[in-house]
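Here is what each chain is made of, one letter per residue.
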Amino acid sequence: MSLGHGRHYLAIPGPSVMPDRVLQAMHQAAPNIYEGALHEMVDGLFPDLNRVAKSSEKMAIYIANGHGTWEAALTNTLSRGDRILALATGRFVVFWSNMAERLGLDVDLVDFGKSASVDLNQVEEKLRADKDRNYKAILVTQTDTASSVRNDIASLSECIHSTGHPALLMVDCMASLACDPFEMDEWKVDLMVAGSQKGLMTPPGLGFMYFNQRVIEAREKADLVTPYWDLLPRINPEVFYEYFYGTAPTHHLFGLREALNMLLLEEGLEQVWARHAKLSQAVWAAFEAWGKGSSIRLNIRDPKQRSHSVTAASMDAPYATELRRWTEHKAGVTLGIGLGMADPSDPTYHGFFRVAHMGHVNAHMTLGMLAVIDAGLKALKIPHGEGATEAASQIISLA
Ligand SMILES: *Cc1c(COP(=O)(O)O)cnc(C)c1O
């Protein structure tokens, strides 16, 4: 029988669970886009979006998913033929750098594998060897959502600055903003991109690009700039519509306003980070227990390199796919597929999966998800260690 009827929980790493309050805030008649309340609301969004990233710099909002902001980052700063350094720790910088190649950029992709963070020694070597300062930008993710690795952006930035290399540091925080600590100013990040549909708990469709003065200067020389993605009108609009280079995404903005109220005004950003840290520890504890004497493994060994928003794991194929199907159809929890760890046509593909713990999630959702996985392992007779739900609840009880 199925026990899946009831409120469904989409525990995939984006889009994340949207609070009812965000959805309700969007449920209203279209506002006047020429004057009045909408303009005031938008003026207030920018400082709050900056607070989420601990930034005092400029930012632009695009009507786009994450891929759109990738294109905005590249086209606003670079020229055809420019060389860039791409630091891959999973899949997402690979996708981003494929886009860069299609734009005519010369990409030096360094791949650190699918279960480790960026090795700073290698980065330092690369930068010191680049005597002519050919690299114009360095691409990296804070969290790679495929591998669930979290890179230490503060140390990477320090490493880059210690070499005196002027390349722009561009960080993809799509999966980590408002989940893991991020400090745009403190860490001297030049450009950061994020989206609405993960930590910010709003439907997919808004992309954010944060950038400092060095980026604005690079924009002066960049020959890839296009009218729609150009950051200039968006930060110095003469008329309101230039913020969005067209009609404002009114209802997404209503939703985002409510999400920011919840994150910043009610819970508080530091507490949001602490909640994600604690919930992820509960998830890891459960996996460690399941892994005793079985094939179940967390993808990232070192807890310091693990994301607080998503966890990638594996077990003998085809157990992971069977488990995902069971949790979705029998218990109302959809888990994430394994991404980029094996080709879908390869039988080992069915041994990878991911669980999300990002955005609007709390202790009961996380414990519930873990208990459902535990029930699925038992129902499907997938070998696993015992004590997972107890280990997770122990972590939560110490919160
Ligand atoms: C989700 C995600 C993206 C892509 O976002 P889309 O909205 O799907 O374009 C990019 N980078 C990372 C790290 C992500 O998690």
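The structure under discussion appears in the preceding block.
About the criteria used
Just so you know, the residues in each chain are numbered from 1, in the order the chain's sequence is written. Only residues with pLDDT of at least 70 are given local features in this predicted model, and only at 80 or more are side-chain atom pairs given and counted; all residues enter the totals for whole chains, interfaces and linings. Note: side-chain values were computed over all heavy atoms of the structure, leaving out hydrogens and water. If a single non-hydrogen atom of a residue is within 4 Å of a molecule or strand, that residue counts as near it. Throughout this description, a polar contact denotes any pair of N or O atoms lying within 3.5 Å of each other; where both atoms belong to protein, one of them has to be capable of donating a hydrogen while the other can accept it, and for residues adjacent in sequence the pair is counted only when both atoms sit in side chains. Using the Shrake-Rupley algorithm and a 1.4 Å probe, accessible areas are obtained, with residue cover drawn only from the displayed protein chains. For the purposes of this entry, the term helix denotes a DSSP run of H or I that reaches at least four residues, the term strand denotes a run of E that reaches at least two, and both are numbered from the N terminus. Polar here means any residue other than Ala, Val, Leu, Ile, Met, Phe, Trp, Tyr, Cys and Pro, which are nonpolar, and Asp, Glu, Lys and Arg, which are charged; Gly is therefore polar. In short, DSSP must find at least two bridges between two strands for them to pair. Axis angles are defined between N-to-C directions and span 0 to 180 degrees, where every axis is a line fitted to C-alpha atoms and, for a helix, only to the segment in contact.

J.: Just to check I follow, could you spell out the site of the ligand for this structure?
T.: Near the ligand the following residues occur: Asn65, Gly66, His67, Trp70, Phe92, Thr143, Thr145, Asp172, Met174, Ala175, Gln197 and Lys198. The separation between an oxygen atom of the ligand and a polar side-chain atom of His67 is 2.5 Å. Interatomic distance of 2.6 Å between a side-chain N/O atom of Asp172 and a nitrogen atom of the ligand. Against a free-state accessible area of 380 Å², the protein chains account for coverage of 89% of the ligand. Examining the composition of the shell around the ligand, we find that 3 residues originate from one element, helix H3 (residues 66-75), more than from any other. Of the residues contributing to the shell around the ligand, the split by class is 4 nonpolar, 6 polar and 2 charged.

J.: Teacher, can you tell me more about the sheet that holds strand S10 (residues 206-211) here?
T.: Consider a sheet: its strands pair through backbone hydrogen bonds, and that pairing is either parallel or antiparallel. Ordered in space as S2-S10-S9-S8-S5-S3-S4, the 7 strands form an open sheet in which the pairing is mixed. One side of each edge strand has no neighbouring strand; the edge strands of this open sheet are strand S2 (58-63) and strand S4 (106-111). Sheet twist, expressed as the average angle between the axes of neighbouring strands with direction ignored, equals 20°. Where strand S3 (residues 83-88) meets strand S5 (residues 135-141), 4 bridges bridge the pair, whose relative direction is parallel. When the sheet's bridge partners are listed, Ile84 is paired in S5 with Ala137.

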